[in-house]
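Summary of the model geometry
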Amino acid sequence: MLSTTTMTNPTGPSSGQTSLRSRAKTKPSSAQHIDLYGNPYTIPDFTMKQIHDAIPARCFKPSTFKSLAYVARDYFYLLSLMYLVHTYVPLLPSPHLRAAVYAMYTILSGMIMTGIWILAHECGHGAFSKSKALNNTTGFILHSSLLVPYYSWKISHSHHHKATGDLQRDTVFVPHSREHFVKTNLGHDVDPFTVHELGEDTPLYTLWRCVTHQLLGWPLYMLDNLSGQKGQNGFPHYSHYWFGEGSKLYKKSELWSVFISDLGLSAMCVVLYFAIQTWGLWTVSVLYGVPYLWLNHWIVLITFLQHTDGRLPHFAHSQWTFARGASATIDRDFGFIDTHLFHHIVGTHVLHHLVSTIPFYHAQEATEAIKKVMGRHYHADRETPLLKAFWKNQRDCRFVEETPGMEGSGVYMFRNLHGSGERPRDLAAGEGLSSWAGSMPPSTGV
C-alpha cells in the first residue's frame, strides 16, 4: 500500500508531519491549472485599483429614498398577498383549488421574503444608505422579521467577504479536500489512497443531497457553522446565536451585538406566538411558516451557486489575494425573478464581492464596467437554468485539489470520484494527495 498523508490540524502541520509542498514534484514547464471542465485556468492579474477606476462614480452612491422605496414595495407585495389569501381563498368552493392557491402563495411570498432578506443584506454591507445608523436599524428590523440574527450574520458575513476562496480563512462553503471528503463519506479510518472511485452520481443519491442541503443547510450553518472551516463546528461555541465568552466565532467585543440579535429574534417569536393565538397555527404556518422555508431554500441555493462551479478555483492562504478570491465567484441568470424580486443578487455577485458597498440598483451598470477589466477572469453562466446548475454542481463539485503537475501551487480546482469532468489525481500511479493545513479536524477525539 502506498504511504498515506498525515492528517493536519487547523493551526498547521504538527511536529513530525510531512509538508506536501516540500515533497511536491517539480512542475513541468507545460503544466497548467485545469478546471473540472478541462479548461485552463490562469490566475487573475488585474488590480483592485483598476476595478474601482473602471466603475462610474455614480454607482458608489446609495439613495436612501430609493432603498426605502424598495423596502416599502416589497412589504406591500407581501402584506397584500397575505391579506388576499387569508380573506378570499377560504371562500373558494373546491378544496383542491384552495390547496393549489395556497401552494402558489407560499412560493411567491417566499420569493418576496427573499427579496426583503437581500435588502437587509444591503444594509449589512452599508450599501443601503450613507447613514450607518439607518443601515443597522433597517437591517435589524428586516432580518429579525425573517428570524435572521442581523448583527451576528453581519459580522460572520463580513469575514466571508474578507476571505472568499481562502481555504484556511473563508467562513462558508469551504470545500473538502480529497482526504477529508473520503473520510467524511466513508469513515475516518478509511485510507484515501485505497479509494479511487465512488458511485455517488446516482440520481437518488444526488436528490438526497439536494433535499437535505436545502432543508438543513441554513439552520445547521447558523446553529453549528456547517460548511465553515473543517473541524470548526459544534453547538453552542460555533453557533451564530451564542453570546457567551466561549464563542469561537465572535470576539468578546462583538458578543453584545450577538445578544442584541438574539433579542430581535425573540421579539419576532413573541409576535408569531400572538399571531398563532389570534389566527391559529394553520393560518400562520401557511402565511409565514412555509414561505419562511422557501426563503431559506432560495438563500442557500443562491449562495451555493455563487461559490460552487466546476470552473471556480480556491486558494491556499499563501496564494490568496482579495482580488483572486473575489473573482472566484460566478454570475448566473434567473430572469425576472432575479431582476425584480431578488434585487439582482444572482446576476451581479462577482461585482458584489469585488465592491460590496455598491447598491444593487447600480450593480448591473457596474458589472458591465468591471467585465472590461476582468476579461477572461469574469465568470458567468447565463445559459444553465438555476435548478439544473444546482443539481449538476451538487453532483460533480465534491472536493478540491491541485492539478497534477501543479503540486505546491496553492491553486485548487473541483474534482469528483465518479468520472464527471476532469480526472482527479491518480493515487494508484503514485501521485500524492493534494491537501492544505486545516482540511482535517484535529486528530484528538476524531
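Before any of the text, the structure's been laid out above.
Small disclaimer: the values here were computed from a predicted structure and weren't measured.

Our next topic: the packing of aromatic side chains. Scanning all chains against the criterion turns up 20 aromatic pairs. On the basis of an interplanar angle of 35° and a centroid distance of 5.3 Å, the ring pair of Trp256 and Phe259 is categorised as tilted. One end of the pair is Trp256 and the other is Phe259, both in helix α8 (residues 255–279) and three residues apart, which spans about a single turn. Judged by its relative accessible area of 26%, Phe259 falls in the partly exposed class. Sitting above the plane of the Tyr361 ring, Lys66 keeps its charged end 4.9 Å from the centroid. Just above the ring of Trp320 sits the side chain of Arg169; from NZ or CZ to the centre is 5.1 Å.

Along its 27 residues, helix α9 (residues 281–307) runs 37 Å from first to last C-alpha, staying within 8% of the 39 Å computed at 1.5 Å per residue. The largest bend in α9 comes to about 35°, at Leu287, with the proline Pro291 one to four residues further on. The buried count for α9 comes to 19 of 27 residues, which makes it a mostly enclosed element.

Counting through the fold element by element, Ser257 comes out in helix α8. Ser257 sits 103 residues away from Lys154 along the chain, and the two C-alpha atoms are 9.9 Å apart. Setting aside its immediate chain neighbours within four residues, Ser257 contacts Tyr151 and Ile155.

Right, let's get into the sheet that holds strand β3 (residues 313–315). Pairing is antiparallel across the open sheet formed by three strands, whose spatial order is β3-β7-β6. At either end of the open sheet lies a strand with only one pairing partner, and these are β3 and β6 (399–401). This sheet shows a mean twist of 40° between the axes of neighbouring strands, independent of strand direction. The pairing of β3 with strand β7 (residues 411–415) spans three bridges and is antiparallel. Residue pairing for β7: Pro313 is matched across the bridge by Met413.

With that settled, the discussion passes to the pairing of β7. The buried fraction of β7 is high, at five of five residues. Pairing geometry for β6 and β7, over three bridges, is antiparallel. Across the sheet, residue Glu401 finds its bridge partner in β7, namely Met413.

Turning our attention to helix α13 (residues 363–374). For α13, built from 12 residues, the straight-helix expectation of 16 Å at 1.5 Å per residue is met to within 8% by its first-to-last C-alpha distance of 16 Å. For α13, every residue scored as buried is listed here: Ala363, Ala366, Thr367, Ala369, Ile370 and Met374. The buried residues of α13 occupy an angular sector of 165° when the element is viewed end-on, so they sit on one face. Against the buried residues of α13 lie α1 (48–54), β4 (331–332) and α12 (349–354).

Moving on, we come to the environment of Pro385. Relative to the helices and strands, Pro385 resides in the loop between β5 (380–381) and α14 (386–396). With a relative accessible area of 48%, Pro385 lands in the partly exposed category.

Turning our attention to the nonpolar core. Within the largest apolar cluster, 56 residues are counted, with the highest numbers of intra-cluster contacts made by Trp117, Trp218, Tyr288 and Phe342. Counting residues per element, the ones that place at least two in this core are α2 (64–88), α3 (95–124), α5 (150–162), α7 (203–224), α8, α9 and α14. With 13 residues, α9 is the single largest residue contributor to this core.

A word on the side chain of His307. Of note, His307 is situated in helix α9. Relative accessible area serves as the criterion here: at 7%, His307 is assigned to the buried category. Side-chain polar atoms of His307 contact the side chain of His160, separated by 3.4 Å.

It is worth spelling out the pattern of salt bridges at this point. The final tally for this structure, using the stated rule, is 15 salt bridges. Where Arg311 meets Asp309, a salt bridge forms, and the shortest distance between an N and an O atom there is 2.6 Å. Here Asp381 makes a salt bridge to Arg311, at a shortest N to O gap of 3.9 Å. Within this pair, whereas Asp381 is found in strand β5, its partner Arg311 is found in the loop between α9 and β3, the two being separated by 70 residues in sequence. By relative accessible area, Asp381 is classed as buried at 7%. Overlapping salt bridges, with partners in common, bring together Asp309, Arg311, Arg332 and Asp381 in one network.

Glancing now at the packing of α2 against α3. As a packed pair, α2 and α3 sit with axes 10 Å apart at the nearest point and diverge in direction by 160°. For the element pair α2 / α3, the angle class is roughly antiparallel. Judged by the twist between their axes, the crossing of α2 over α3 is left-handed. Facing Tyr70, Val71, Asp74, Tyr75, Tyr77, Leu78, Leu81, Met82 and Val85 of α2, the residues of α3 in contact are Tyr102, Tyr105, Leu108, Ser109, Ile112, Met113, Gly115, Ile116 and Leu119. A per-class count over the contact of α2 with α3 returns 15 nonpolar, two polar and one charged.

So, about unusual backbone geometry. Even without being a glycine, Leu147 presents a positive backbone phi close to 60°. Secondary-structure assignment places Leu147 in the loop between α4 (132–145) and α5.

Before going further, it helps to spend a moment on the side chain of His377. Topologically, His377 is positioned in the loop between α13 and β5. On the basis of relative accessible area, His377 is assigned to the buried category, the value being 3%. For His377, the contacting residues outside a window of four places in its chain are Thr42, Ile43, Pro44, Asp45, Phe46 and Ser327.

Rules used throughout
Residues numbered from 1 in each chain as written. Predicted model: local features only at pLDDT ≥ 70, side-chain atom pairs only at ≥ 80, totals over all residues. Heavy atoms only, no water. Phe/Tyr/Trp six-rings, centres within 6.5 Å; stacked < 30°, edge-to-face > 60°. Helix = DSSP H or I, 4+ residues; strand = E, 2+ residues; numbered from the N terminus. Buried < 20%, exposed > 50% of the residue type's maximum accessible area, 1.4 Å probe, protein only. Lys NZ or Arg CZ within 6 Å of the ring centre and 35° of its normal. Expected span 1.5 Å × (residues − 1). Bend = angle between axes of the 7 residues up to and from the residue. Contact = heavy atoms within 4.5 Å. Pairing = 2+ DSSP bridges. Axes fitted to C-alpha atoms, helices over the stretch in contact; angles between N-to-C directions. Arc of directions from axis to C-beta. Core = buried A, V, L, I, M, F, W, Y, C linked by side-chain atoms within 4.5 Å. Polar contact = N/O pair within 3.5 Å; in protein donor to acceptor, adjacent residues only side chain to side chain. Salt bridge = Lys/Arg side-chain N within 4 Å of Asp/Glu carboxyl O. Parallel < 35°, antiparallel > 145°, perpendicular 65-115°, else oblique. Left-handed = near helix turned anticlockwise from the far one by under 90°. Nonpolar A, V, L, I, M, F, W, Y, C, P; charged D, E, K, R; others polar.

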